[in-house]
Amino acid sequence: MIELKEAAKILKAAKKIAITAHTNPDGDAIGSTLAMMHALKKAGKEAFVLIDDELPRHLSCLPGFNEIIRPNETDKITADILLVLDTATDRIGCVEKIVSAKILNIDHHVTNKGEHEATYVDATAAATAEIVFDLLKLMEVPLDIDIANCLYLGMATDTGFFKYANTKSRTLKAAADCLEAGVRPNEISEFTEQKSFETVHTMVLALNTIELFANGRAAGIFLDEELTNKAETTEGFIDQIRIIEGVDIAVLLKCKKAGECRVSMRSKGKDVAKIAESFGGGGHVRAAGATLKLPFDEAKRTVIDAITKALED
Ligand code: AMP
Ligand code: MN
Ligand code: MN
């Protein structure tokens, strides 16, 4: 593990920087990588973003979104630094294999164990974008509107637009600086939270699968293959059930293809990162996820059992 100023030094010394983030990318993953790309280019460096996954359409408002490269498994890329953001290095798909460079990992996941020497993890940061905000200060790269839009979106999406427990005064101060640089908060929320009619309709169907369990302390929506593939995105679905009175843990299970399900959990206090880790995933105390290599019914049973047990402890 290193200090943030050491990370700034490493980046200052580099000429060519490949930047990546986790697969199944969210607003913080895309926001922090693009903010770094803009900032490093501004500092006169060669910088580009590689993400080994499809990109969600609701993030396409970000400046630089269309420059993101989806790499091929057969590509060979060399760079001075591979900057891995918003995840440990185990969740970046083929990027880990095809890029030959020294790794610099900057993250805010408490489950990141710092496998590489040059790792900086601040689990108190609401978003990786918040760490990037501090990093750019150390590197003396001033915010411009592009960087600010990317950072604001990263912080906003990881804090549920500044309402989750991870929102600190430090988060709001960084967001305030982004507004000073010209960000319009309504434009970011209108674009990222926009959903097609079909998706809203699918959300209704998804909400109809709701089950309360663990004596009403947990609620889940369980999307089989058919329902999962009907939804263009499931972004925000879980937020509709985490508000239920008496519910500590909310869970969304989705099954994109046979034998592979993704679980997302949100809590008001219980450590869901621990539950996610027991499935081989990770995350934060109040928001975590994992991929289960199980058929839908079995995955559903496994998730309900694990959450019920955690709530008994
Ligand atoms: P999600 O439910 O996918 O929105 O994820 C909630 C939080 O847990 C996010 O901060 C994710 O980055 C993190 N997370 C999700 N899946 C994993 C995983 N397999 N390993 C580590 N962290 C994860
Ligand atoms: Mn993320
Ligand atoms: Mn994040």
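Located above this text is the structure these notes cover.
Residues numbered from 1 in each chain as written. Chains lettered and ligands numbered in written order. Predicted model: local features only at pLDDT ≥ 70, side-chain atom pairs only at ≥ 80, totals over all residues. Heavy atoms only, no water.

Enquirer: I tried to follow the layout of surface pockets on my own but got confused; where do I start?
Expert: The computed volume of the second largest pocket comes to approximately 200 Å³. Forming the boundary of the second largest pocket are K270, D271, K274, I275, S278, A306, K309, A310 and D313. Listed by contribution, the elements that provide at least two residues to the lining of the second largest pocket are helix 10 (272-278) and helix 11 (296-312). A breakdown of the residues in the lining of the second largest pocket according to their chemical character gives three nonpolar, one polar and five charged. (1 Å grid on protein atoms, 1.4 Å probe; cavity = no way out; pocket = protein on both sides within 12 Å on 5 of 7 lines; lining within 4 Å. Points joined across faces, edges and corners; volume = space filled by probe spheres on them. Helix = DSSP H or I, 4+ residues; strand = E, 2+ residues; numbered from the N terminus. Nonpolar A, V, L, I, M, F, W, Y, C, P; charged D, E, K, R; others polar.)

Enquirer: Help me understand helix 4 (residues 128-138), please; the structure alone is not making it clear to me.
Expert: Working note: α-helix, 3.6 residues per turn, so residues spaced by three or four point in the same direction. In terms of burial, helix 4 is a largely internal element, eight of the eleven residues being buried. For helix 4, every residue scored as buried is listed here: T128, A129, E130, I131, V132, F133, L135 and L136. (Buried < 20%, exposed > 50% of the residue type's maximum accessible area, 1.4 Å probe, protein only.)

Enquirer: Mind showing me how you'd approach the site of ligand 1 here?
Expert: Near ligand 1 you find 13 residues, and of these R91, H109, S264, R266 and H284 are the closest. One of the side-chain N or O atoms of H109 is found 2.8 Å from an oxygen atom in ligand 1. Taking G283, its main chain carries an N or O atom lying 3.4 Å from a nitrogen atom of ligand 1. For ligand 1, whose free accessible area comes to 480 Å², the fraction covered by protein is 83%. (Near = heavy atom within 4 Å. Polar contact = N/O pair within 3.5 Å; in protein donor to acceptor, adjacent residues only side chain to side chain. Areas by Shrake-Rupley, 256 points an atom, 1.4 Å probe, with all protein chains shown as cover.)

Enquirer: Would you take a moment to explain the side chain of H22 for this structure?
Expert: Within the secondary structure, H22 sits in the loop between strand 1 (16-21) and helix 2 (27-42). At 3.2 Å, the side chain of H22 and the side chain of D26 are in polar contact. At 2.9 Å, the side chain of H22 and the side chain of D86 are in polar contact. If we skip the residues at most four places from it in the chain, H22 touches A29, I51, L85, D86, T87 and R91. (Contact = heavy atoms within 4.5 Å.)

Enquirer: Is there a simple way to think about the coordination of the manganese ion (ligand 2) in this case?
Expert: Each donor-metal-donor angle in an ideal tetrahedron of four donors is 109.5 degrees, and each such angle in an ideal octahedron of six donors is either 90 or 180 degrees. Binding of the manganese ion (ligand 2) to the protein goes through H22 (NE2), D26 (OD), D26 (OD) and D86 (OD), at separations of 2.1 to 2.6 Å. Binding-site remark: the manganese ion (ligand 2) is held by donors from one chain whose sequence spacing is H-x3-D-x59-D. Separation of the manganese ion (ligand 2) from the manganese ion (ligand 3) amounts to 3.6 Å, with D86 serving as a shared donor to the pair. Here H22 is found in the loop between strand 1 and helix 2, whereas its partner D86 is found in the loop between strand 3 (77-85) and helix 3 (95-98), with 64 residues between them in sequence. Residue class for H22 comes out buried when judged on its relative accessible area of 3%. (Donors = N, O, S within 2.8 Å, 3.2 Å for Na, K, Ca; no water.)

Enquirer: Where do I start with the sheet that holds strand 9 (residues 260-267) in this structure?
Expert: Through backbone hydrogen bonds, the strands of a sheet pair up, either in parallel or in antiparallel fashion. Strand order in the open sheet made by the six strands is 6-7-8-9-11-10, with mixed pairing throughout. Two strands bound the open sheet, and with one partner strand each, they are strand 6 (211-213) and strand 10 (282-283). The pairing of strand 9 with strand 11 (residues 287-292) spans six bridges and is antiparallel. Bridged to R266 within strand 11 is A287. Sitting on the sheet, helix 11 touches strand 6, strand 7 (218-223), strand 8 (249-257), strand 9 and strand 11, and the angle it makes with strand 8 is about 160°. (Pairing = 2+ DSSP bridges. Axes fitted to C-alpha atoms, helices over the stretch in contact; angles between N-to-C directions.)

By themselves, these are just geometric observations and shouldn't be taken as functional.
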